[in-house]
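The lines below spell out each chain.
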Amino acid sequence: MLDLARLRALHAVSVHGSVGAAATALGYTPSAVSQQIAKLERETRTTLLERQGRGVVLTDAARQLAGTAEELLALVEQAETALEERRGRPAGRLLIAAFPTAARGLLPPVLARLAALHDDLDARLVEAEPHQSVDLVARGAVDLAVTHDWDIAPLPAPEGVERAALGDDPSEVAVTAGHPLARLAAERLGGTLERADLAGERWICQPPGSVCHDWLVRTLRASGHEPFLAYQVTEYQTQLALVAAGLGIALIPRLGRGPLPDNVVTLPLEPAPMRRLYAVWRPGAARRPAITETVRALRPHTTPLTTPADRPDGPPPDDGGRLR
């Protein structure tokens, strides 16, 4: 009989692409995951992983077995959800994926509250970019994702994924205190900038493929300006360090921003660039108390939605609907 824990390890490698990433998601060491796969190979008398460069790839047999494992794990999830719902309180393991600024600026107090209130709940966290985390939810690799999209750069998602809107995350333009844009904003009522003011500036932004990068490029082009992307780095703190050095300007979300360098200020932009934050889960898990309680715990730590009608008042099922 195939061991479920070993199938889970193989499925994690299939979803995350490497033994190390699978270990992080499962909360194991890479050695422990490798041992599980090795035992599964002996059980099935089949080679499941093959070396390729410094990593591994799944064999055809492994991919077939991983697909079966995904179906079995979905059935296990249904059983666990039913038991947890019957108990009426959060319990078991809850694996949450969140993009980096949410992991830093939103999740710590939420995870601390869950740990303090629910002894039977084992909530864990992994970092993943929005498009990755939604796919991880859809494939059953994580239970819940905190993700985001922008108004002109909506996040695509597979069928069968549901969401709850959590709040908004406004972004502002970061410049040095002596920058001409800072003086321009100071001369205006409300101290704001307009998108036309940003023409010709040297930008510090995230690399291509990120939602933030795509939003910036599309927005500037829509206003008739080809963006000058001088520096492309992932971490916002690195972007702020480059701004502080006078190398350009950046569009920085408030969530997880942290303290600004002494010579850097942030300026509001009109219309305001806005990320909308979502909690995402699989429909079968919507009744799970661990999911509903985590979503409730997340909402007080976010900025209220700019469109109040979008804000769900109840648990996640009340705000169901596929992520568009």
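Everything quoted here is computed from the prediction, not taken from an experiment.

Participant: Looking at this structure, how should I read the environment of histidine 16?
Facilitator: When you line up the elements, histidine 16 lands in helix 1 (residues 4-16). Among the residues examined, histidine 16 registers a relative accessible area of 22% and is labelled partly exposed.

Participant: Just checking my understanding: could you explain the nonpolar core for this structure?
Facilitator: Within the largest apolar cluster, 46 residues are counted, with the highest numbers of intra-cluster contacts made by Val173, Leu193 and Leu198. Considering every element that reaches this core, the biggest residue donor is helix 9 (residues 211-222), with five residues. Ignoring sequence-local partners within four residues, the contact set of leucine 198 consists of Val173, Leu181, Leu193, Trp203, Leu220, Ile249 and Leu269.

Participant: Mind showing me how you'd approach the pairing of strand 10 (residues 249-253) here?
Facilitator: Within a regular beta strand, the side chains point alternately toward one face of the sheet and then the other, so they alternate between its two faces. Among the five residues of strand 10, five are classified as buried, and the element is accordingly described as predominantly covered. The alternating pattern of strand 10 places Ile249, Leu251 and Pro253 and Ala250 and Ile252 on opposite faces, both of which are buried. With four bridges joining them, strand 6 (residues 162-176) and strand 10 adopt antiparallel strand pairing. Each residue of the ladder has a partner; that of alanine 174, found in strand 10, is alanine 250.

Participant: I keep staring at the pairing of strand 8 (residues 202-205) and nothing clicks. Help me out?
Facilitator: When strand 8 meets strand 9 (residues 228-232), the two strands line up parallel, connected through four bridges. Pairing of isoleucine 204 across the sheet is with tyrosine 231, part of strand 9. Following the backbone out of strand 8, through helix 9 and into the adjacent parallel strand 9, one traces a crossover that is right-handed. Direction of pairing for strand 8 relative to strand 10: parallel, over a ladder of two bridges.

Participant: Explain unusual backbone geometry to me, please; I cannot follow it from the model alone.
Facilitator: Peptide bonds are, in most cases, trans, and in most cases residues other than glycine have a negative phi. Here glutamate 270 and proline 271 are connected by a cis peptide whose omega angle stands at -5°. Tracing the backbone through its elements, the reader meets proline 271 in the loop between strand 12 (269-270) and strand 13 (274-281). Phi is positive for arginine 45, which is not a glycine, with a value near 55°.

Participant: Explain the confidence of the model for the chain here, please?
Facilitator: Atom-level detail of predicted coordinates should not be read off regions where pLDDT is low. Per-residue pLDDT for the chain has a mean of 86; in total, 94% of the residues score no lower than 70. Under a pLDDT of 50 for its full length, residues 308-315 has, in the predicted model, 14 contacts with residues more than four places off or in other chains. A low-confidence stretch, residues 317-324 (pLDDT under 50), is modelled with 27 contacts involving residues beyond four sequence positions or located in other chains.

Participant: Before we go on, may I ask you to explain the state of the cysteines in this structure?
Facilitator: In a disulfide, the sulfur atoms of two cysteines are covalently bonded to one another. All chains considered together, the criterion is met by zero disulfides. Cysteine 205 carries a free sulfur, and the closest cysteine sulfur to it, the one in cysteine 212, is 9.4 Å from it. Owing to a relative accessible area of 12%, cysteine 212 belongs among the buried residues under this scheme.

Participant: I would appreciate a short explanation of the pattern of salt bridges in the present structure.
Facilitator: Pairs can form between side chains of opposite charge whenever their charged atoms are close. Under the counting rule described, the total for this entry stands at 14 salt bridges. Arginine 6 serves as the salt-bridge partner of glutamate 43, at 2.1 Å between the closest nitrogen and oxygen. Highlighted residues: glutamate 43 in helix 3 (residues 30-44) and arginine 6 in helix 1, separated in sequence by 37 residues. With a relative accessible area of 35%, glutamate 43 lands in the partly exposed category. Here aspartate 143 makes a salt bridge to arginine 282, at a shortest N to O gap of 3.6 Å. Residue aspartate 143 is found in the loop between helix 7 (130-138) and strand 5 (144-150), and its partner arginine 282 is found in the loop between strand 13 and helix 11 (289-298); the two are separated by 139 residues along the sequence. A single salt-bridge network, built from bridges that share partners, covers Asp143, Arg282 and Arg288.

Here is what the cut-offs are and how they apply
Residues numbered from 1 in each chain as written. Predicted model: local features only at pLDDT ≥ 70, side-chain atom pairs only at ≥ 80, totals over all residues. Heavy atoms only, no water. Helix = DSSP H or I, 4+ residues; strand = E, 2+ residues; numbered from the N terminus. Buried < 20%, exposed > 50% of the residue type's maximum accessible area, 1.4 Å probe, protein only. Core = buried A, V, L, I, M, F, W, Y, C linked by side-chain atoms within 4.5 Å. Contact = heavy atoms within 4.5 Å. Pairing = 2+ DSSP bridges. Right-handed = clockwise from strand over helix to strand, strands pointing away. pLDDT = per-residue confidence, 0-100. Disulfide = S-S within 2.5 Å. Salt bridge = Lys/Arg side-chain N within 4 Å of Asp/Glu carboxyl O.

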